[in-house]
Amino acid sequence: VTKDILNALGACVGAANVLSGHTDRSAYDLDAMGKYPGHSLAVVRPADTGEVSGVLKIASAHNLAVVPQGGNTGLTGASVPDASASQIVLSLARMNKIRDIDAKTRVARVEAGVVLQSLHEAAQMQDLIFPLFFGARGSAMIGGVLSTNAGGSNVLRYGNARALVLGIEVVLADGRIMNLMSELYKDNSGYDLRDLFIGAEGTLGVITGAVLKLYPRPRAYATALMSLNTLPDALDLLTELQDLTGNAVEAFEFMPANYFDDYARRFADRKMPLSAPGPVNILVEIGATSAALARTDKSGRAVVHTLLEEALSARLEAGRISDATIAQNESQRAALWHCRECAFELATMHGAMVDHDISVPPAAVETFLAKMPARLQPLAPDARVSVIAHLGDGNLHYSVQPKGCARGVPDALADKITEAVEDLVQSLAGSFSAEHGIGRSKRATMARRKDKTALEVMRTLKTALDPQCILNPGKLLP
Ligand SMILES: Cc1cc2nc3c(=O)[nH]c(=O)nc-3n(C[C@H](O)[C@H](O)[C@H](O)COP(=O)(O)OP(=O)(O)OC[C@H]3O[C@@H](n4cnc5c(N)ncnc54)[C@H](O)[C@@H]3O)c2cc1C
């Protein structure tokens, strides 16, 4: 049977695009964190929507499980197969065409395998941006980005992936193609099926194309890194900057003092951007999209730069900021962003951690961080805690390493730590999954914490759209 299936898949996408040997499969079978080693029957690489449809028809005829995969940068184990050698990986990597960019309407039509950074570069050629930025942009693909409803550093201004989509094309589990490639901002013609597939982690259909919103490229940026004493003071500064600039703050990222200890150790050859990082260090970036903010003023700098400088100077004088660096040129801006974007590298340099991607209302971040140590202490005395947060939208990456567990945290202990984190998050009206999704890593949490009726509705939808349960089984739904 296996041979028949592989032959049928080969006839559909070309034998060279069905990879069944161990070496060919290995990069597709292991997730970015190396936590979920899988073993697929084969990796299938279709070239277009018609071939995706053909693959799914074969899969449904043979009851074959299909794991859609983009750049395989997901952090929840959702993009890789299990170890049974009975599932196929459906890689969208060959579907990497930007069909067109309309600079006038500010719309891009792309295939699902377009790498995020390639879209950034193509948009930039038209003086536009696709405003979704995060560390894995050099590998993550649009289909994966939409299927995880990815966030990142600029959600504060532009929203997460869902907010950037006008239309999608989806292939259903039985191979039917659903064309929702609309450019419309208003379309109340029935259920919003587009949004159903965004964030579905490949469990309801395979996204093959998308119509995406583009935005004007900021004509100037004002970027600074600063140390403050408290999180409420940081949020107060954010409000002031939003008022001054008409909500043009693009990023407002929090890094605690120990983040910079790690940074200094890992990048000893680089100049430290702050002489003495304090308890609350913030990377702020404002994008001048309006002519008024981008205009050069008497100082010879963009108005947006002067506004930021004046706001920070006033707070330095008042003792509310202890240190600040404002980027004076593009290379200084890149150096400040380097501090933020090496977070993944810094987080992994200490070995195994129990990671949490959570969100609470921004004003509750301080309470969360203040209360958490006492809750961890009885479970994992003197644990090492790493935090990085998109403070502007209340999204924290909170990682815990119990003492002596650098090589691995026992499952039972990891569960207790996660329960403690999630209990506090829930009491603060937050979410146990902010931007990375559920995948495999949060299925138990879904069972424990998601509204029971919401779970029932999700199961009803899954059964209706994928009655054989061949699309990414074992992911998202408990
Ligand atoms: C260094 C680093 C930094 C990161 N920073 C962020 C961050 O700031 N914010 C954030 O949100 N995420 C972040 N991530 C997580 C990750 O990059 C995102 O989840 C990304 O959106 C996944 O895209 P991908 O193409 O790699 O998808 P994959 O990892 O290949 O797949 C992710 C999920 O989408 C499904 N899928 C993939 N393609 C399709 C398709 N065409 N149709 C249907 N389902 C599909 C897969 O089955 C899987 O469930 C980071 C990851 C790394 C490694």
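Scroll up to find the structure this text is about.
Computed from a predicted structure; not experimentally measured.

**Side note on the site of the ligand**
Okay, step 1: Inspection of the region around the ligand gives 33 residues, with Pro68, Gly70, Thr73, Gly74 and Met141 positioned closest.
Okay, step 2: Between Glu435 and the ligand, the recorded distance is 3.2 Å, taken from a side-chain N or O atom to a nitrogen atom.
Okay, step 3: Taking 980 Å² as the accessible area of the ligand by itself, protein coverage stands at 94%.
Okay, step 4: Only β3 (65-69), α5 (142-147) and β10 (206-213) provide two or more residues apiece to the shell around the ligand.
Okay, step 5: Ranked by residue count, the leading element in the shell around the ligand is α5, at four residues.
Okay, step 6: Of the residues that constitute the shell around the ligand, the class distribution is 14 nonpolar, 17 polar and two charged.

**Examining the nonpolar core**
Okay, step 1: If you look at the biggest cluster of nonpolar residues, it comprises 57 residues, and the most contacted ones within it are Ile282, Val284, Phe368 and Tyr398.
Okay, step 2: Here this core gets seven residues from one element, more than from any other, and that element is helix α15 (residues 411-427).
Okay, step 3: The residues contacting Tyr398, other than those within four sequence positions of it, are Val354, Asp355, His356, Ile358, Phe368, Leu369, Met372, Leu376, Val385, Ser386, Val387 and Val421.
Okay, step 4: Grouped together as the second largest cluster of nonpolar side chains are 33 residues, Ala140, Tyr158, Val165 and Val170 included.

**What about the environment of Leu90?**
Okay, step 1: Checked against the element boundaries, Leu90 lands in strand β4 (residues 87-91).
Okay, step 2: Judged by relative accessible area, which is 0%, Leu90 ranks as buried.
Okay, step 3: The spacing of Leu90 and Pro46 is 44 residues in sequence and 7.7 Å in space, taken between C-alpha atoms.
Okay, step 4: The contacts of Leu90, once residues within four sequence positions are left out, are Val44, Pro46, Val52, Val55, Val66, Val67, Pro68, Gln69 and Val206.

**Things to note about the sheet that holds β3**
Okay, step 1: Strands sit in the order β1-β2-β4-β3 across an open sheet of four strands; the sheet is mixed. Where the open sheet ends on each side, the last strands, each with one partner, are β1 (18-19) and β3.
Okay, step 2: By the bridge criterion, two bridges tie β1 to strand β2 (residues 42-44) in an arrangement that is antiparallel. Counterpart to Val18 in the pairing with β2 is Val44.

**Some points on unusual backbone geometry**
Okay, step 1: Phi at Asp382 is positive, roughly 55°, even though this residue is not glycine.
Okay, step 2: Along the chain, Asp382 turns up in the loop between α14 (365-376) and β17 (384-390).
Okay, step 3: Unusually for a residue other than glycine, Ala429 sits at a positive phi of about 60°.
Okay, step 4: Mapped onto the fold, Ala429 is located in the loop between α15 and α16 (443-449).
Okay, step 5: Note on Ala429: relative accessible area 64%, which makes it exposed.

**A look at the state of the cysteines**
Disulfide: a covalent bond connecting the sulfur atoms of a pair of cysteines.
Okay, step 1: Summed over all chains, the structure comprises zero disulfides.
Okay, step 2: Unpaired in this structure, Cys339 has its nearest cysteine sulfur neighbour in Cys342, at a distance of 6.4 Å.
Okay, step 3: Given the relative accessible area of 0%, Cys339 is considered buried.

**Focus on empty space enclosed by the protein**
Okay, step 1: Within this structure, the stated rule accounts for one cavity of 30 Å³ or more.
Okay, step 2: Counted as a void, the largest cavity has a volume near 30 Å³.
Okay, step 3: Around the largest cavity, the lining residues are Gly152, Ser153, Val155, Leu156, Ala251, Phe252, Glu253, His390, Leu391, Gly392 and Asp393.
Okay, step 4: Element by element, the count of residues in the lining of the largest cavity is highest for strand β13 (residues 249-255), at three residues.

**Section: the packing of aromatic side chains**
Okay, step 1: Scanning the entire structure with this criterion turns up four aromatic pairs.
Okay, step 2: Geometrically, the ring pair formed by Tyr263 and Phe267 is tilted, given 5.0 Å between the ring centres and 45° between the ring planes. Each of the two residues, Tyr263 as well as Phe267, counts as buried.
Okay, step 3: Sitting above the plane of the Tyr221 ring, Arg333 keeps its charged end 3.8 Å from the centroid.

**Describing the side chain of Gln242**
Okay, step 1: For Gln242, the location among the structural elements is in helix α8 (residues 231-245).
Okay, step 2: There is a polar contact of 3.2 Å between the side chain of Gln242 and the backbone nitrogen of Val249.
Okay, step 3: Filtering out sequence-adjacent residues up to four positions away, Gln242 remains in contact with Leu156, Asn247, Ala248 and Val249.

**Regarding the side chain of Glu253**
Okay, step 1: Following the sequence through the fold, Glu253 ends up in strand β13.
Okay, step 2: Looking at Glu253, its side chain comes within polar contact range of the side chain of Arg340, at 2.6 Å.
Okay, step 3: Here the side chain of Glu253 touches His390 through a polar contact of 2.7 Å, side chain to side chain.
Okay, step 4: Every residue in contact with Glu253, bar those within four places of it in the chain, is listed here: Ser153, Asn281, Ile282, Leu283, Arg340, Ala389, His390 and Leu391.

Conventions we followed
Residues numbered from 1 in each chain as written. Predicted model: local features only at pLDDT ≥ 70, side-chain atom pairs only at ≥ 80, totals over all residues. Heavy atoms only, no water. Near = heavy atom within 4 Å. Polar contact = N/O pair within 3.5 Å; in protein donor to acceptor, adjacent residues only side chain to side chain. Areas by Shrake-Rupley, 256 points an atom, 1.4 Å probe, with all protein chains shown as cover. Helix = DSSP H or I, 4+ residues; strand = E, 2+ residues; numbered from the N terminus. Nonpolar A, V, L, I, M, F, W, Y, C, P; charged D, E, K, R; others polar. Core = buried A, V, L, I, M, F, W, Y, C linked by side-chain atoms within 4.5 Å. Buried < 20%, exposed > 50% of the residue type's maximum accessible area, 1.4 Å probe, protein only. Contact = heavy atoms within 4.5 Å. Pairing = 2+ DSSP bridges. Disulfide = S-S within 2.5 Å. 1 Å grid on protein atoms, 1.4 Å probe; cavity = no way out; pocket = protein on both sides within 12 Å on 5 of 7 lines; lining within 4 Å. Points joined across faces, edges and corners; volume = space filled by probe spheres on them. Phe/Tyr/Trp six-rings, centres within 6.5 Å; stacked < 30°, edge-to-face > 60°. Lys NZ or Arg CZ within 6 Å of the ring centre and 35° of its normal.

Coordinates in, geometry out; function isn't part of it.
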